[in-house]
Amino acid sequence: RLERLQRVVTKLQMESGLCEEQLNQADALLQADMRLLAAGKVPQKAAEVERDLNNADIMIRQLFNDVQSLKDGRHPQGEQMYRRVYRLHERLVSIRTEYNLRLKSGAPVTAVTAVSVASGQRRPEPDEAPLRYLQDLLAWVEENQRRVAVAEWGADLPTVETHLGAHRGLHRAVEEFRAKVERARADEVRPLGCWGTPGPPRVGQGRGLSPPVAPPNSSKSRLRHLESLHGFVSAATKELLWPPQREEEEVAFDWSPPPPAMAAKKESYS
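Residues numbered from 1 in each chain as written. Predicted model: local features only at pLDDT ≥ 70, side-chain atom pairs only at ≥ 80, totals over all residues. Heavy atoms only, no water.

**Student:** Is there a simple way to think about the layout of surface pockets in this case?
**Tutor:** Over the atoms, a rolled probe matching the size of one water molecule traces out where space is still vacant. In this structure, the largest pocket spans a volume of roughly 570 Å³. Around the largest pocket sit 24 residues that line it, and Asp57, Arg61, Arg96, Arg147 and Ala166 are the ones nearest its centre. Elements that contribute at least two residues to the lining of the largest pocket include exactly helix H2 (46–72), helix H3 (78–104), helix H5 (128–150) and helix H6 (157–189). Broken down by element, the lining of the largest pocket gets its largest block of residues, seven residues, from H3. (1 Å grid on protein atoms, 1.4 Å probe; cavity = no way out; pocket = protein on both sides within 12 Å on 5 of 7 lines; lining within 4 Å. Points joined across faces, edges and corners; volume = space filled by probe spheres on them. Helix = DSSP H or I, 4+ residues; strand = E, 2+ residues; numbered from the N terminus.)

Right, here's the structure in full:
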């Protein structure tokens, strides 16, 4: 049993290293495309970034399954390996969020604007940058609302833990998103005489747009339900594991002389 669990540890160490390399590659490609966008060029590596992120996602799901087998077997490195895989998952969520927000949904407005001004290119209209920024925020909200709406729950402890870890990372991104929402709201109500021009109309005014609203309520609700589900499934799993563990003790009980302490044995058996 210990040899089997040690092989799982060795496998986790090797495959988590490969997964980290996959994430490093995805991040490097993403940053390269972000530099192209900032220079006003078309990104080249979006498909490769998405492929690498999907591959890393599949690897991490398997790693969580292996970690659960360590924890079920009470291996001393189980918690350490769990933290290692959880950090990989957090990084996956972070890179995927940046990819969805800044590359998949459009160019990062502030970076493009800064490069254009510095290089002497045409300055955007006074309300153009806030409007495009608002559109990016709306696209981010819609993408993550969709992710929350279609996300699965899991039917066993490893998959529930995987979904819980994934959503904790997403929920942190949602909380950090509040600052961007507040900036968009400030742009909506504040005159922006940025380049010596009169302040523009409110962002979205007359264009069918309204300030973005981050999805904190649905995200909090899913997080709360996942934590409740995780608590239930953890307790249920312990209960389900109790009979075979007790059976193993009974089968392995030593009945050879000297006679066992029968009073204690009766107490245990009852």
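**Student:** What should I look at first to understand the nonpolar core in this one?
**Tutor:** Taken as a class, soluble globular proteins show a tendency for nonpolar side chains to be buried jointly. Counting residues in hydrophobic clusters, the biggest one holds 28 residues, and the most contacted among them are Leu12, Leu23 and Leu53. Going through the elements one at a time, helix H1 (2–38), H2 and H3 are the ones with two or more residues in this core. Sort the elements by how many residues they give to this core and H1 lands first, with eleven residues. Excluding residues within four positions of it along the chain, Leu23 makes contact with Leu53, Ala56, Leu88, Arg91, Leu92 and Ile95. Core analysis: the second largest hydrophobic core is formed by ten residues, Leu101, Val141, Ala173 and Val181 among them. (Core = buried A, V, L, I, M, F, W, Y, C linked by side-chain atoms within 4.5 Å. Buried < 20%, exposed > 50% of the residue type's maximum accessible area, 1.4 Å probe, protein only. Contact = heavy atoms within 4.5 Å.)

**Student:** Explain the pattern of salt bridges here, please?
**Tutor:** When the charged atoms of two side chains lie near each other, side chains of opposite charge can form a pair. For the coordinates displayed, the defined rule picks out eleven salt bridges. Residue Lys45 pairs with Glu48 through a salt bridge whose shortest N-O separation is 3.6 Å. When its relative accessible area of 30% is taken as the criterion, Lys45 is described as partly exposed. For Lys265, the salt bridge is made with Glu250, and the minimal N-O distance between the two is 2.8 Å. Pair noted here: Lys265 is in helix H8 (residues 262–269) and Glu250 is in helix H7 (residues 216–251), with a separation of 15 residues, a long-range link. Owing to a relative accessible area of 27%, Glu250 belongs among the partly exposed residues under this scheme. (Salt bridge = Lys/Arg side-chain N within 4 Å of Asp/Glu carboxyl O.)

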